[in-house]
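# Breakdown of the fold
Chain by chain, the residues:
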Amino acid sequence: VDPFNFQHRMALGKYLIEQNSNTGGETIWGEGSKMHWFWGYLAQLDWQRRSGRLADLAVATASQAQVHSSSDNATTFSDEISIDSWFGYMNLNFSVAVYCGAAKAGLVPKISWFSLKRNGNGNETMNVEQDEGFLECVDHWASFWSGPHQEYIKAY
């Protein structure tokens, strides 16, 4: 899994919601788990992508934010999430950290990932597995998944 790839973040979220009865499943969240609270975070991720907030705005190029197709006036958006995007980093903690916290709590399989990313100018790097803020978020999400969330699931 590449934590700086839009499609990978979405796939983690969808797995957490749709393929896992440990997080509630259809019994609690309805057909297709369409009422699962985590869809809100995925909708936010989609909005951040479509609005260009996941690109490094200081050096944004057409390939980083959006590309307009001259043939049909359609707009497509890059799957790349810049390590220099504030929104991208914050969303990392509301998407990938949520999944990793669930994995730490034993609710979903652990993931292997490509964690080292360079910024747009090729100088700085980010290793998610060594980022203190990210790791602290994983711990908080693990506590949530193993505590209050499980209490809610059992009470339902």
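Below, the structure is looked at part by part. Keep in mind the model is a prediction, meaning the values are calculated, not measured.

Counting buried positions along helix α5 (residues 96-104) gives eight out of nine residues, so the element sits mostly inside the fold. Taken as a whole, α5 has its buried residues at Val96, Ala97, Val98, Tyr99, Cys100, Gly101, Ala102 and Ala103. Positive phi shows up at Gly106, right after α5, with a value of about 85°.

Running from amino to carboxyl end, α5 crosses helix α6 (residues 132-146) at an angle of 55°, the nearest separation of the two axes being 7 Å. One element, α5, and the other, α6, form an angle in the oblique class. Our pair here, α5 against α6, has a crossing hand that is right-handed. In contact with Val96, Ala97, Val98, Cys100, Gly101, Ala102 and Lys104 of α5, α6 contributes Phe134, Cys137, Val138, Asp139, Trp141, Ala142 and Trp145. Residue composition of the contact of α5 with α6, grouped by class: 11 nonpolar, one polar and two charged.

Attention now moves to the environment of Ile17. Mapping Ile17 onto the fold places it in helix α1 (residues 6-18). Given the relative accessible area of 0%, Ile17 is considered buried. Separated by 16 residues in the primary sequence, Ile17 and Ser33 place their C-alpha atoms 6.6 Å from one another. Every residue in contact with Ile17, bar those within four places of it in the chain, is listed here: Thr23, Ser33, His36, Phe38, Trp39 and Leu42.

How each quantity is defined
- Residues numbered from 1 in each chain as written.
- Predicted model: local features only at pLDDT ≥ 70, side-chain atom pairs only at ≥ 80, totals over all residues.
- Heavy atoms only, no water.
- Buried < 20%, exposed > 50% of the residue type's maximum accessible area, 1.4 Å probe, protein only.
- Helix = DSSP H or I, 4+ residues; strand = E, 2+ residues; numbered from the N terminus.
- Axes fitted to C-alpha atoms, helices over the stretch in contact; angles between N-to-C directions.
- Parallel < 35°, antiparallel > 145°, perpendicular 65-115°, else oblique.
- Left-handed = near helix turned anticlockwise from the far one by under 90°.
- Contact = heavy atoms within 4.5 Å.
- Nonpolar A, V, L, I, M, F, W, Y, C, P; charged D, E, K, R; others polar.

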